[in-house]
Amino acid sequence: MYLAQSFLHSLIAALIVDTALLAWKIEAPVIRQRFRLLVIVLPIISFPLYQAISPERSSALFRLEAYFDIDRWLHLELWGTVPVGVLFLLFLFFTAMVFILQEMLPIARHTLSSGHGALEGVRPEPESRVTRALEGLPGRKPDVFIIDDEAFAMFSSTGKDPAVYLSGGLVEKLTLDELRAAIAHEIGHIQRSRRPAMVLIFILRVLMFYNPIILMEFRRIVQEEEKICDDMASSITGDRAALAGALRKFYDDDGEDPAPFPSDAPRLRDRIEEYSHTLLIEERIARLEDPPGPSVNVSAVYLVVLVTILVVNYYVV
Amino acid sequence: MKRTLGGMLVFSMMIAILTVLLQLLNWIPSAVQDGELQRYASIDEVRAHLKIKTVYMPVYYPRSVQWPPSLIAAQTLPYPAVVTEFVRSDDPGETILVITQTALPHPPLVEKLRLAAVRESVRYEFKGRTALLEVGVCRKDEQCCRMTWNEENVGIALVMRASPVELVRIAESMITRPREAGHPVAGTGKQRRSPGTRN
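This report concerns the structure included in the present document.

What counts and how
Throughout this document, residue positions are counted from 1 along each chain, in the order its sequence is written. Just so you know, chain letters begin at A and ligand numbers begin at 1, following the order they were written in. The predicted nature of this model means local features are confined to residues of pLDDT at least 70 and side-chain atom pairs, given and counted, to a pLDDT of 80 or more, with totals for whole chains, interfaces and linings taken over all residues. Only hydrogens and water are set aside; all other atoms, that is, all heavy atoms of the structure, feed into the side-chain values. Numbered from the N terminus, helices here are DSSP runs of H or I no shorter than four residues, and strands are runs of E no shorter than two. The criterion used for residue contact is that any of the two residues' heavy atoms lie within 4.5 Å. Shrake-Rupley sampling with a 1.4 Å probe provides the accessible areas, and residues are treated as covered by the protein chains on show and by no other component. Between N-to-C directions, angles span 0 to 180 degrees; the directions come from axes that are lines fitted to C-alpha atoms, helices contributing only their stretch in contact. Oblique is the label for every angle not falling under 35 degrees (roughly parallel), over 145 degrees (roughly antiparallel), or within 65 to 115 degrees (roughly perpendicular). Note: crossing handedness is left-handed where the near helix turns anticlockwise from the far helix by less than a right angle, and right-handed where it turns clockwise. Two strands pair under a simple rule: DSSP has to find at least two bridges between them. Here the buried area means the combined drop in accessible surface, using a 1.4 Å probe, for two parts upon being joined, counting both sides. Whenever Lys or Arg places a side-chain nitrogen within 4 Å of a carboxyl oxygen from Asp or Glu, that contact is recorded as a salt bridge. Residues adjacent in sequence count toward polar contacts only when both atoms are side-chain atoms; beyond that, a polar contact is any pair of N or O atoms within 3.5 Å, and within protein one must be able to donate a hydrogen and the other to accept it. In summary, the pairing rule links any two rings of Phe, Tyr or Trp, Trp by its six-membered ring, whose centres are within 6.5 Å, and it sorts them by plane angle into stacked for under 30 degrees, edge-to-face for over 60 and tilted for everything else. Burial classification: accessible surface area is computed with a 1.4 Å probe over protein chains only, and a residue below 20% of its type maximum counts as buried, one above 50% as exposed, and the rest as partly exposed. Only when the NZ of Lys or the CZ of Arg is both within 6 Å of the ring centre and within 35 degrees of the ring normal is a charge said to sit over the ring. Here, the term disulfide refers to a pair of cysteine sulfur atoms separated by no more than 2.5 Å.

The helix and strand inventory of chain A stands at 13 helices and five strands. Overall size of chain A, expressed as C-alpha extent along the three principal axes, is 75 × 50 × 35 Å. Sequence-distant contacts, at least 24 apart, represent 71% of the contacts inside chain A between residues at least 6 apart. Accessible surface, chain A as shown: approximately 16100 Å² in total, 63% of it carbon and sulfur.

Moving on, we get to the packing of helix 1 (residues 2-23) of chain A against helix 1 (residues 2-32) of chain B. The description of two helices packed together rests on the angle between their axes and the distance between the axes. For the pair helix 1 of chain A and helix 1 of chain B, interaxial distance at closest approach is 9 Å and the crossing angle is 155 degrees. Classified by the angle between their axes, helix 1 of chain A and helix 1 of chain B sit roughly antiparallel to one another. Considering the relative orientation of helix 1 of chain A and helix 1 of chain B, their crossing is right-handed. Contact residues: I12, L15, I16, T19, A20 and A23 of chain A in helix 1 of chain A; G7, V10, F11, M14, I15, L18 and L22 of chain B in helix 1 of chain B.

Residues and elements named next belong to chain B. Across the sheet, which stays open at both edges, the eight strands sit in the order 1-2-3-4-8-7-6-5 with antiparallel pairing between neighbours. Where the open sheet ends on each side, the last strands, each with one partner, are strand 1 (38-39) and strand 5 (117-126). In terms of strand pairing, strand 1 meets strand 2 (residues 71-75) through two bridges, oriented antiparallel. Across the sheet, residue R39 finds its bridge partner in strand 2, namely A73. Each of strand 2 and strand 3 (81-88) is contacted by helix 2 (residues 43-50), which is oriented at about 15 degrees to strand 2, the strand it contacts most.

So, on to the interface of chain B and chain A. Taken residue by residue, the interface counts 36 residues in chain B and 39 residues in chain A. Here chain B meets chain A over a buried area of about 3200 Å², counting both sides, of which 65% is carbon and sulfur. The largest share of the area that chain B buries against chain A comes from R3, F11 and N26 of chain B, three residues that together contribute 20% of it. Applying the counting criterion to the chain B and chain A interface returns one salt bridge. Between R39 of chain B and E65 of chain A there is a salt bridge, with the nearest N and O atoms lying 2.8 Å from each other. Inspection of the chain B/chain A interface yields 10 residue pairs in polar contact (both at pLDDT 80 or more). Elements with a contribution of two residues or more to the side of chain B that touches chain A: helix 1, strand 1, strand 2 and strand 3 of chain B. In terms of residues, the side of chain B that touches chain A owes the most to one element, helix 1 of chain B, which gives 18 residues.

Below, the discussion takes up the packing of aromatic side chains. All names here are of chain A. Under the defined criterion, the tally for this structure stands at 19 aromatic pairs over all chains. Seen from their ring centres, F62 and Y315 are 5.8 Å apart, and the 5 degrees between their planes marks the pair as stacked. Placement of F62 in helix 3 (residues 60-65) and of Y315 in the segment after helix 13 (298-314) is noted, with a sequence separation of 253 residues between them. What makes F62 buried here is its relative accessible area of 14%. The exposure class assigned to Y315 is partly exposed, which follows from its relative accessible area of 31%. With a centroid separation of 5.5 Å and an interplanar angle of 25 degrees, the aromatic rings of F145 and Y165 are classed as stacked. Remark: Y165 occurs in strand 5 (residues 163-167) and F145 occurs in strand 3 (residues 143-147); sequence separation between them is 20 residues. Y165 shares its class with F145; the two are buried. Counting every residue linked through ring pairs, the aromatic cluster contains Y50, F62, Y67, Y314 and Y315. We note R57 situated over the ring of Y314; from NZ or CZ to the ring centre the distance is 5.6 Å.

What follows concerns the environment of K160 of chain A. Locating K160 of chain A in the fold gives a position in the loop between strand 4 (154-157) and strand 5. The exposure class assigned to K160 of chain A is exposed, which follows from its relative accessible area of 80%.

Now for the sheet that holds strand 4 of chain A. Residue and element names in this part refer to chain A. Strand order across the open sheet formed by three strands is 3-5-4, with mixed pairing between neighbours. Where the open sheet ends on each side, the last strands, each with one partner, are strand 3 and strand 4. Pairwise comparison of adjacent strand axes, ignoring direction, gives a mean angle of 25 degrees for this sheet. Its contacts with the sheet place helix 8 (residues 176-193) against strand 4 and strand 5, and it is angled at close to 35 degrees to strand 4.

Glancing now at the state of the cysteines. Residues and elements named next belong to chain B. What the rule picks out here adds up to one disulfide over all chains. Left unpaired, C145 is separated from the closest cysteine sulfur, that of C144, by 7.0 Å. Here C145 falls in the buried class, since its relative accessible area comes to 0%.

A separate point is the pairing of strand 3 of chain B. Residue and element names in this part refer to chain B. Summarising burial for strand 3: eight of the eight residues are buried, a large majority. In this structure, strand 2 lies alongside strand 3, joined through five bridges in antiparallel fashion. Its bridge partner being in strand 3, Q75 is matched across the sheet by A81. Adjacent in sequence and paired antiparallel, strand 2 and strand 3 are bridged by five residues. Bridge count for strand 3 against strand 4 (residues 91-103) is eight bridges, and the pairing is antiparallel. From the neighbouring strand, T84 faces strand 4, where its bridge partner is I99. With antiparallel pairing between neighbouring strands as the criterion, strand 3 and strand 4 make up a hairpin whose turn holds two residues.

The next subject is the pattern of salt bridges. Residue and element names in this part refer to chain A. According to the stated counting rule, one finds 27 salt bridges over all chains in the structure shown. With its nearest N and O atoms 3.5 Å apart, the salt bridge here joins R219 to E103. Taken together, the positions of R219 in helix 10 (residues 212-237) and E103 in helix 5 (residues 84-115) put the pair 116 residues apart, joining distant regions of the chain. With a relative accessible area of 34%, R219 lands in the partly exposed category. Among the salt bridges present, the one from E217 reaches R220, with a minimum N-O distance of 3.4 Å. Of this pair, E217 and R220 both sit in helix 10, three residues apart, roughly one helical turn. Under the relative-accessibility criterion, E217 is labelled buried at 0%.

Following this line, the structure appears as structure tokens:
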């Protein structure tokens, strides 16, 4: 019952949050991320919370008067033989597998490989463009390494000794301002990774490993995170156009020379991933070039959305 | 301010649509398949619609119980079960008695009345059956009692906000024949008022 209700509650919370973001035209990524967090947190606690407040919530009378009773669907037999409940469990099992293969295994691999020093790069020369770009940034700077790769790549490692890694191809193609903006974006990631809230979000997400809605919502939170770091980079450098230019070069690089695929299935999957990645970059460029206007009274809206989710989900059993 | 209020209007409309959609989706299973938990107007309707042959109903009701039941609900999926709820005669907002019958070995449907704490539990024998009679309190520290026993392949449970004496009388009135000589032990299920026991 917990599995079914937490799935439903997260689905309804996601619909309500998306509706609110559209209705009030909320575009600030920090605020959007805060709203999306409701979709991850509330379904974890809603079922036990409702049951503690009102034990008769699972009674026959309450179920009859509820907006939606998932039991009615789970007991429905397709073609008189297969209960929908069995298909629902298979669906959750499939999601759990996707979570393990797409999220946990890469993390485990990365942890193992970084433990063996697989991440190798060289420090930039004192007079290089990377060093000059770093000099233009205020505050404490992380270590920067250049990895020997012609493709466009840039990422950061967090933890005790955070570092920014840039590929040789990227350093070559970006202008000095773009390089500075790109490094500032990675500094944004490093600074935000120190926040315990981010770790907490990930732990909550792991608890809901079977829930496809949480899987999707966590990815959207990660996408908002990219936009938050874009804003941080823009405020550090004071140059939105430079970061937009750097992203555009990433986008152009993605578009050229697609590697041949051995079969149609991975090609389709990779193309979908590539397409969504491109969409995200386009969206980020558009935000940087045309900054969103002032937001509404977010605290009041947040309260309205929170109460709406809690009330609607109370009547979903 | 204007944007906040405009957003509120759009948001309210969308939430109204969402709740209507949820109720529509909730209705679909009962439209395509009989047997889902559903409200019925009378016990006869339950019998006719769900083909549940025997529905155990008391023939005695104390004055404090309002007739007819405030809820008659039944299902055959995933297993046959019937639940009836009664409210207090002087307070129609308060459920005072809940009777469930469930095909064994399934657990009874979750009742609106539940014993929060059991203070005493005894075996009670009546008309050839052995029931479990529990006395305790419900949520607001009111005295509550529960009586459960099996009738052939059906589990019966009664929960009432009253003294066990009243509950036992109700339970006894549900069984019209003692369990002996291989007779079926079903009550008639006929809903009638016992003379002298009602207002």
